[in-house]
Amino acid sequence: MEVKLVVGMEIHVQLACNTKMFCGCRLGYGDAPNSNVCPVCLGLPGSLPVINKQAFEHSVRTALALNLNIAEFTKWDRKGYYYPDLPKNYQISQYDLPFSYDGYIDLPLADGTAHRVRINRAHLEEDAGKNQHEGLPHSQIDLNRAGTPLLEIVTEPDLNSPEQCRVLAQELQKIVQFVGASHANMQLGQMRFEPNINLQITMDGKVYKTPIVEVKNLNSFRAVEGAVAYEAWRQLEEFKKDHSFTRENHGKQNRGWDDAKGETIFQREKEESSDYRYFPDPDLVPVKVDAGWLKNIRDNMPEMPLAMKARFVNELGLKEYDASVLTAEAPMARYFDAAVKAGGPAKRLANIITQFGISTASEKSCAIDELGITPQRLAELAKLVEDGTINATASAKLFNIMLTDDAPAAELAEKHSLIQKSDSGEIEKLVDEVLAANAKAVEDVRSGSKKAGAARGFLMGQVMQRSKGQANPKVVSELLAKKLS
Ligand SMILES: [Zn+2]
């Protein structure tokens, strides 16, 4: 029996706009229920929608990053929807003429290879509001979210492992953040994933396909990988029990994900698209994309995370790992890049950011570029380490001082006595004192005993301590080696 996992993914991204998709209502997470509503998003008769240009621009930028073609002509359709969280009784979406089509993304896998996933399309639509049922004598509806601009990205069924599904989710999150289309905060539901999963089983020269399952509303990378792995297992078990468990005999199914149990749960049989009764929205004019407008967006596309990572490795000489960490988030990648362009040595900058910049930012619950140290000043700090003015220990101290003091880095290093001493005469005096006071350790090193390494480290530490951390460790090490040989 040969089993192939086949997964296509639908991804919903809430766009980072000030207002809703078809009206001027504010998008405010956590605002009082039903405070951001108007006749359009309440679905009142006679109200007319108008499209949000910013949402369209964000979407086109994302589509270009995913190598999609942008349609010259695109229109809006009504999709039947009979739940009270979208009171118009339909959702405005795009059916047969989406604004973008036929793209791809190359996924970087852990074994160093890339896996290409074709992207069928990306289209724009509106989100529904929220129904609340729990703990209430009757259901309540909050329509603040109704009409939120949503970008839906649909891949071809080119994903063949849970890992690939997770990497796709991670790369897409980075891409929408890098182009500025979405904050893509998963806890806030700003990015949701819906894998369509089935198996192709070859047995005795015959191919069987298990029924397709769509797992709804996954909002973490762990859930994406877990749900796909669970379905692959569950569908194979079903098929082993009964070989008529196939697409021909069963309809599509929607299932949910129970994060605590790590299982998918049956929700309902899935509608075919004819059930949605799509038809063109007569209230909205189609969009004709202007070639000059599109060229302007194309010419101003920011560098994408994978390209940036490759540049950090190939041109700046960073290690793969450091380049991955630095390009995990757009603000950090751009902050580092700006500091390099301001003349900072790349490897020192990478050390400063990865060794204490990130942890400081997370302690203060902000992005690294919001800590108050400009890229120019970070470059100054890195240069002081590079030219030996201060050592690595002092650079962490100086970084902390710079958070609250705007004076030039060199001036602060002087003021706080962090300048490294490289004068060998002065350091030699300290080395002599330490050797005289620690005869036992000196003996351990000279006899080449088992303790030699530890004793050498101890002596080094003693000299550094006497210099109050200011001696250049390289000079100390050289002097110790000379005197102990
Ligand atoms: Zn509104």
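Residues numbered from 1 in each chain as written. Predicted model: local features only at pLDDT ≥ 70, side-chain atom pairs only at ≥ 80, totals over all residues. Heavy atoms only, no water.

1. Looking at the domain arrangement of the protein chain
Move 1: Its domain assignment divides the protein chain into domain 1 (2-288), domain 2 (303-415) and domain 3 (424-484).
Move 2: Domain 1 and domain 3 are separated by 64 Å when their C-alpha centres are compared. (Domains from an automatic or database assignment.)

2. Points about the coordination of the zinc ion
Move 1: Coordination of the zinc ion by the protein comes from C23 (SG), C25 (SG), C38 (SG) and C41 (SG), over a distance range of 2.3 to 2.4 Å.
Move 2: Because the angles between the four donor atoms bound to the zinc ion fall within 100 to 116°, the donor set is best described as tetrahedral.
Move 3: Mapped onto the sequence, the donors of the zinc ion take the spacing C-x1-C-x12-C-x2-C. Placement of C25 in the loop between strand 1 (2-14) and helix 1 (53-65) and of C41 in the loop between strand 1 and helix 1 is noted, with a sequence separation of 16 residues between them. (Donors = N, O, S within 2.8 Å, 3.2 Å for Na, K, Ca; no water. Tetrahedral: all angles 85-135°; square planar, octahedral: opposite > 155°, others 65-115°. Helix = DSSP H or I, 4+ residues; strand = E, 2+ residues; numbered from the N terminus.)

3. What about unusual backbone geometry?
Move 1: Phi at N217 is positive, roughly 50°, even though this residue is not glycine.
Move 2: The residue N217 is located in the loop between strand 13 (213-215) and helix 3 (221-241) in this model.

4. Notes on the pattern of salt bridges
Move 1: Tallied over the entire structure, the rule returns 32 salt bridges.
Move 2: For K216, the salt bridge is made with E214, and the minimal N-O distance between the two is 2.9 Å.
Move 3: By relative accessible area, E214 is classed as buried at 2%.
Move 4: For K240, the salt bridge identified is with E237, shortest N-O distance 3.6 Å. (Salt bridge = Lys/Arg side-chain N within 4 Å of Asp/Glu carboxyl O. Buried < 20%, exposed > 50% of the residue type's maximum accessible area, 1.4 Å probe, protein only.)

5. What about the sheet that holds strand 4 (residues 77-80)?
Move 1: In space, the three strands of this open sheet follow the order 5-4-16, with antiparallel pairing throughout. The sheet is open, and its two borders are formed by strand 5 (90-93) and strand 16 (279-280), each paired with just one other strand.
Move 2: Pairing geometry for strand 4 and strand 16, over two bridges, is antiparallel. Paired with R78 across the strands is F279, a residue of strand 16. (Pairing = 2+ DSSP bridges.)

6. Points about helix 12 (residues 424-437)
Move 1: Taking 1.5 Å as the rise per residue, helix 12 with 14 residues should run 20 Å; its terminal C-alpha atoms sit 20 Å apart, in good agreement.
Move 2: All of the buried residues along helix 12 are I427, L430, V431, V434 and L435. Taken end-on, helix 12 shows its buried residues confined to a sector of 135°, consistent with a single buried face. Looking at helix 12, the residues exposed on the side facing more than 90 degrees away from the buried face are K429, A436 and A437.
Move 3: Along its buried surface, helix 12 packs onto helix 13 (439-446), helix 14 (452-466) and helix 15 (473-484). (Expected span 1.5 Å × (residues − 1). Arc of directions from axis to C-beta. Contact = heavy atoms within 4.5 Å.)

7. With respect to the packing of aromatic side chains
Move 1: Applying the stated criterion across every chain, the model contains 11 aromatic pairs.
Move 2: Each ring, one from F56 and one from F99, has its centre 5.7 Å from the other, and the planes form 55°; the classification is tilted. Highlighted residues: F56 in helix 1 and F99 in the loop between strand 5 and strand 6 (100-108), separated in sequence by 43 residues. Side by side, F56 and F99 carry an identical accessibility label, which is buried. (Phe/Tyr/Trp six-rings, centres within 6.5 Å; stacked < 30°, edge-to-face > 60°.)

8. Focus: the pairing of strand 1
Move 1: Counting buried residues in strand 1 gives 10 out of 13 residues, a clear majority hidden from the surface.
Move 2: Note: strand 1 against strand 10 (residues 149-155), five bridges, orientation antiparallel. Counted as the bridge partner of Q14 is L150 from strand 10.

9. Things to note about the packing of helix 5 (residues 305-314) against helix 7 (residues 330-341)
Any two packed helices are characterised by the angle at which their axes cross and by the distance between the axes.
Move 1: At their nearest, the axes of helix 5 and helix 7 sit 12 Å apart, and the two run at 40° to each other. Both helix 5 and helix 7 take part in a crossing whose hand is left-handed. Mapping the contact onto sequence places M308, R311 and F312 in helix 5 and A333, R334, F336, D337 and K341 in helix 7.
Move 2: Tallied by class, the residues present in the contact of helix 5 with helix 7 amount to four nonpolar, no polar and four charged. (Axes fitted to C-alpha atoms, helices over the stretch in contact; angles between N-to-C directions. Left-handed = near helix turned anticlockwise from the far one by under 90°. Nonpolar A, V, L, I, M, F, W, Y, C, P; charged D, E, K, R; others polar.)

10. Regarding the side chain of K75
Move 1: Along the chain, K75 turns up in the loop between strand 3 (73-74) and strand 4.
Move 2: For K75, a relative accessible area of 15% gives the class buried.
Move 3: At 2.5 Å, the side chain of K75 and the side chain of D77 are in polar contact.
Move 4: Residues in contact with K75, not counting those within four places in the same chain, are S93, Q94, D96, L97, P280 and P286. (Polar contact = N/O pair within 3.5 Å; in protein donor to acceptor, adjacent residues only side chain to side chain.)

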